[in-house]
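Inside the fold
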Amino acid sequence: MLLVLGILIFVVVFYCIITEKVPSAYATMLGALAMAFSGIVNEEEILETIHSRLEILLLLIGMMIIVSLISETGVFQWFAIKVVKVVRGDPLKLLILLSLVTAGCSAFLDNVTTILLMAPVSILLAKQLKLDPFPFVMTEVLSSDIGGMATLIGDPTQLIIGSEGKLSFNEFLFNTAPMTIIALTILLTVVYFTNIRKMEVPNRLRAQIMELESDRILKDKKLLKQSMIILSAVIIGFVLNNFVNKGLSVISLTGGIFLAFLTEREPKKIFGGVEWDTLFFFIGLFIMIKGIENLGVIQFIGDKIIEISTGNFKVASISIMWLSSIFTSIFGNVANAATFSKIIKTVIPGFQSIADTKVFWWALSFGSCLGGSITMIGSATNVVAVSASAKAGCKIDFMKFFKFGSRIAILNLIAATVYIYMRYL
């Protein structure tokens, strides 16, 4: 009876998230509380679950404070205009540079914030050049999903995988960043041949775009300088964490609080920039995953993966990536990462004596981040981008997103399969 009830709660919660009938934070928190009152999880397990994820939550709070202050400077919009001037209105060069900027920012900043700031700018630039903004927005969204795969802090899924797999910042950099470059190359190549190649911009419009004054966009140059110094120090701290051994959450929070103190902002305003709904969404999700684990569902799926792979390490590795990508496209990459992390832990003991099981975590990373590009609900970045684009005058529906994103995601997943096989298997 509890098993049926637990699965029903899980399905209803994600139905509410997918259809947006209930805000995501409310949905997961209500689901977690429903599991608590039904006896699937108890208070001690809830507190233990939150305690074990505090590093992720505190790291996000620190980065959110930093990004919130950076966004006040207008530097994202300033950089976008600089880029379009550098390429002199050329559609292909514009697409490439905007995508690289988005991917680069998403690798080290919150990718939801990055796409929220970049999408409206790209739509504005495309409209001024009399071009269809859809391929530009979609390429940026997918670039953000892919760019977030490059580092431990690039995407919430990476934080979950890193925490569960006890993986360092540098391990992500050396293992997932190369695949990020490959995936971006595939993305830009496909978009060029399917959307950009036939686009042309009259010289008159190119001249107009060159007249845009980017310096007026920058609102607070002093804050920009301060925030760039702090952000650089935080990223260096992440890279050197193996040596300084202070912890990613401590480094992130130190940067955020120090920058807030340095800029003399009121605490109320600073903490107002923290996306608390996102944090409570994660808290509710983690508790629900614990409930599913208590019901034996995760162990069952893990056993099935071992059964399907018939004890074959190569088959198990590839299966994790493809199955997690399918799960991501339906339930979102955060839910996928949280769930499959538990599944991987049940699979690892069966292969630990014969191979380096860290490949399972990289397979999950590729499945979560690349699979997130298949549907509009595959990642929070996608949902935010669609909403921001609609406000800026570029409506993207579910099927339009699916047709564009799914073919690129499948090509990237095939490339990731080859990458995993050639590098690890």
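Residues numbered from 1 in each chain as written. Predicted model: local features only at pLDDT ≥ 70, side-chain atom pairs only at ≥ 80, totals over all residues. Heavy atoms only, no water.

1. Focus: the packing of aromatic side chains
By the definition in use, this model includes 11 aromatic pairs. Centre to centre, the rings of F313 and F351 are 5.9 Å apart; their planes meet at 55 degrees, and the pair counts as tilted. Note that F313 is positioned in helix 19 (residues 313-331) and F351 in the loop between helix 20 (333-347) and helix 21 (358-371), a separation of 38 residues in sequence. Summarising the burial analysis for this pair, F313 and F351 share the class buried. Just above the ring of F134 sits the side chain of K400; from NZ or CZ to the centre is 4.4 Å. (Phe/Tyr/Trp six-rings, centres within 6.5 Å; stacked < 30°, edge-to-face > 60°. Helix = DSSP H or I, 4+ residues; strand = E, 2+ residues; numbered from the N terminus. Buried < 20%, exposed > 50% of the residue type's maximum accessible area, 1.4 Å probe, protein only. Lys NZ or Arg CZ within 6 Å of the ring centre and 35° of its normal.)

2. Focus: a nonpolar patch on the surface
On the surface, I410, L411, I414, V418, Y421 and M422 cluster together into a nonpolar patch covering about 600 Å² of accessible area. The class for L411 is partly exposed, based on a relative accessible area of 40%. (Patch = residues over 30% accessible without salt bridge, like charges linked within 9 Å, V, L, I, M, F, W, Y side chains within 5 Å. Areas by Shrake-Rupley, 256 points an atom, 1.4 Å probe, with all protein chains shown as cover. Salt bridge = Lys/Arg side-chain N within 4 Å of Asp/Glu carboxyl O.)

3. What about the UniProt feature "transmembrane region" (unreviewed entry) in the protein?
In this numbering, the UniProt entry assigns the feature "transmembrane region" (unreviewed entry) to residues 54-80, 92-121, 173-194, 223-241, 320-338, 359-384 and 404-422. As annotated, residues 223-241 has a helix share of 95% and a strand share of 0%, and its two end C-alpha atoms lie 26 Å apart. (UniProt positions renumbered as here; feature names shortened; annotations may be inferred.)

4. Quick look at the pattern of salt bridges
This structure, assessed with the given rule, holds six salt bridges. With its nearest N and O atoms 2.8 Å apart, the salt bridge here joins E72 to R265. Note that E72 is positioned in the loop between helix 4 (54-71) and helix 5 (75-86) and R265 in the loop between helix 15 (248-262) and helix 16 (267-272), a separation of 193 residues in sequence. Overall, the relative accessible area of 22% leaves R265 in the partly exposed class. For E293, the salt bridge goes to K290, with nearest N and O atoms at 3.9 Å. Here K290 and E293 lie together in helix 17 (residues 276-294), a separation of three residues that amounts to about one turn. Residue E293 is classed as partly exposed on the basis of its relative accessible area, which comes to 30%.

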